[in-house]
Amino acid sequence: MTLGIVAALHEEIADLLAEMAPGAHVEHVGMRDYHVGTLHGHDCVIVLARVGKVAAAATTAALIHRFDVGEIVFTGVAGGLAHGLSVGDVVVADTLVQHDMDASPIFPRFEIPLLGRHAFDTETPLRDALAQAAREWLATDMADEVPASLRAQWHMHAPRVHVGQIASGDRFVSSAAEVTRLRDALPRTLAVEMEGAAVAQVCHEYGVPFAVMRTLSDAADDDAHVDFPRFLREVASHYSHGILRRFLLSRHA
């Protein structure tokens, strides 16, 4: 079975692409490069979707139709929404919702018109394997791959893995007021980003198992934009590479 690995930003998959490069080939479809090859014993297609729900949905549809992937994992960064989360924590989605979907009063707020649902469930075995890989990487590998000096700068004292709802929308949530509104509207939500729920809807409609993993870069508040590129480059890139490496190796064992 071929696994599709998707991210919105290049840094989130750069190390995976470098690792898969020997023997891989690239197919250009819809202004995107799909890297087709083998990674840790698995047939994989790795692709940069770019930012936003439309970009993520188009990429997911191409993975399913053109490359016949049997399952999809989306990896990247997110802003923490729930109280008690910290920079460097990992959130693995159990459900995903589009926080900017509002076709009321015709349909209830957040409900996807004509599908009769507002949240999409991830595939349990895929989700559990990804969460376990994240726990193992944080406990075993992170100290070697993310230097102590960087962890101190980002106040990453004891990163944890959380499983729960992630909300997606075509807006970079970057103010305390927005965070409060989202917490009130979606009290189960742990993190907020811009792609996962679009992937979830397409996978649901085509019956393709999927999972979404996010590294928390901030609290999605007034300081959300501070040093985001640096965090992506120096921290989140190691998370995506290391956790997915463990994920693939565990499934190959």
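Per an unreviewed UniProt entry, the protein chain goes by the name adenosylhomocysteine nucleosidase and belongs to Pandoraea pnomenusa. Annotation of the protein chain in UniProt includes, under Pathway (unreviewed entry), the sentence "Amino-acid biosynthesis; L-methionine biosynthesis via salvage pathway; S-methyl-5-thio-alpha-D-ribose 1-phosphate from S-methyl-5'-thioadenosine (hydrolase route): step 1/2."

## Here's the deal with the overall build of the protein chain
Check the secondary structure of the protein chain and you find 8 helices and 10 strands. By the burial criterion, 54% of the 253 residues in the protein chain qualify as buried. Across the protein chain, every contact between residues at least 6 apart in sequence was considered, and the portion connecting residues at least 24 apart equals 78%.

## Points about the environment of isoleucine 13
Checked against the element boundaries, isoleucine 13 lands in the loop between β1 (3–7) and α1 (14–20). On the basis of relative accessibility, which here comes to 1%, the residue isoleucine 13 falls in the buried class. Measuring from C-alpha to C-alpha, the distance between isoleucine 13 and serine 240 comes to 7.0 Å, with 227 residues separating the pair along the chain. Leave out the neighbours within four places in its chain, and isoleucine 13 touches Ala7, Ile46, Val47, Leu48 and Thr75.

## Observations regarding the packing of aromatic side chains
In total, this model carries 3 aromatic pairs according to the counting rule given. Ring centres of tyrosine 34 and phenylalanine 67 lie 4.8 Å apart, and the angle between their planes is 25°; on these two criteria the pair is classed as stacked. Here tyrosine 34, found in strand β3 (residues 32–39), pairs with phenylalanine 67, found in the loop between α2 (53–65) and β5 (71–80); they are 33 residues apart in sequence, far enough to count as distant. Taken as a pair, tyrosine 34 and phenylalanine 67 share a single burial class, namely buried. Judged by centre distance (4.8 Å) and plane angle (55°), the ring pair of tryptophan 137 and tyrosine 239 falls under tilted. With tryptophan 137 in helix α3 (residues 124–140) and tyrosine 239 in helix α8 (residues 228–252), this pair connects stretches of sequence that are 102 residues apart. For the pair tryptophan 137 and tyrosine 239, a shared accessibility class is recorded, and that class is buried.

## Digging into α3
Taking 1.5 Å as the rise per residue, α3 with 17 residues should run 24 Å; its terminal C-alpha atoms sit 24 Å apart, in good agreement. Every buried residue of α3 is listed here: Leu126, Arg127, Leu130, Ala131, Ala133, Ala134, Trp137 and Leu138. Projection of α3 onto a plane perpendicular to its axis shows the buried side chains occupying an angular sector of 160°, all on one side. Residues of α3 that are exposed and point over 90 degrees away from its buried face: Pro125 and Ala139.

## Remarks on the nonpolar core
Ile46, Val90, Tyr239, Ile243 and Phe247 are the most contacted members of the largest nonpolar core, which has 39 residues in total. Here the element with the most residues in this core is α8; it accounts for 10 residues. The contacts of valine 90, once residues within four sequence positions are left out, are Ala134, Leu138, Arg160, Val161, His162, Met213, Arg214, Tyr239 and Ile243.

## Things to note about the packing of α2 against helix α7 (residues 196–206)
Put simply, α2 and α7 touch, their axes get as near as 8 Å, and they point 35° apart. In this structure, the crossing between α2 and α7 has a hand that is right-handed. Taking contact as the criterion, the partners of Lys53, Ala56, Ala57, Thr60, Ala61, Ile64 and His65 in α2 are, on α7, Ala198, Val199, Val202, Cys203 and Tyr206. Of the residues in the contact of α2 with α7, the class split is 9 nonpolar, 2 polar and 1 charged.

## Comments concerning the pairing of β3
With 5 bridges connecting them, strand β2 (residues 25–29) and β3 associate as antiparallel partners. Bridging across to β3, valine 26 finds its partner in histidine 35. Where β2 folds back on β3, the antiparallel hairpin that results is connected by 2 residues, among which glycine 30 adopts a positive phi of roughly 55°. Sheet topology places β3 next to strand β4 (residues 42–48); 6 bridges connect them, and they run antiparallel. Paired with tyrosine 34 across the strands is valine 47, a residue of β4. Connecting β3 to the next strand, β4, in antiparallel fashion are 2 residues, including histidine 40 with a positive phi near 50°.

What counts, and where the lines are drawn
Residues numbered from 1 in each chain as written. Predicted model: local features only at pLDDT ≥ 70, side-chain atom pairs only at ≥ 80, totals over all residues. Heavy atoms only, no water. UniProt positions renumbered as here; feature names shortened; annotations may be inferred. Helix = DSSP H or I, 4+ residues; strand = E, 2+ residues; numbered from the N terminus. Buried < 20%, exposed > 50% of the residue type's maximum accessible area, 1.4 Å probe, protein only. Contact = heavy atoms within 4.5 Å. Phe/Tyr/Trp six-rings, centres within 6.5 Å; stacked < 30°, edge-to-face > 60°. Expected span 1.5 Å × (residues − 1). Arc of directions from axis to C-beta. Core = buried A, V, L, I, M, F, W, Y, C linked by side-chain atoms within 4.5 Å. Axes fitted to C-alpha atoms, helices over the stretch in contact; angles between N-to-C directions. Left-handed = near helix turned anticlockwise from the far one by under 90°. Nonpolar A, V, L, I, M, F, W, Y, C, P; charged D, E, K, R; others polar. Pairing = 2+ DSSP bridges.

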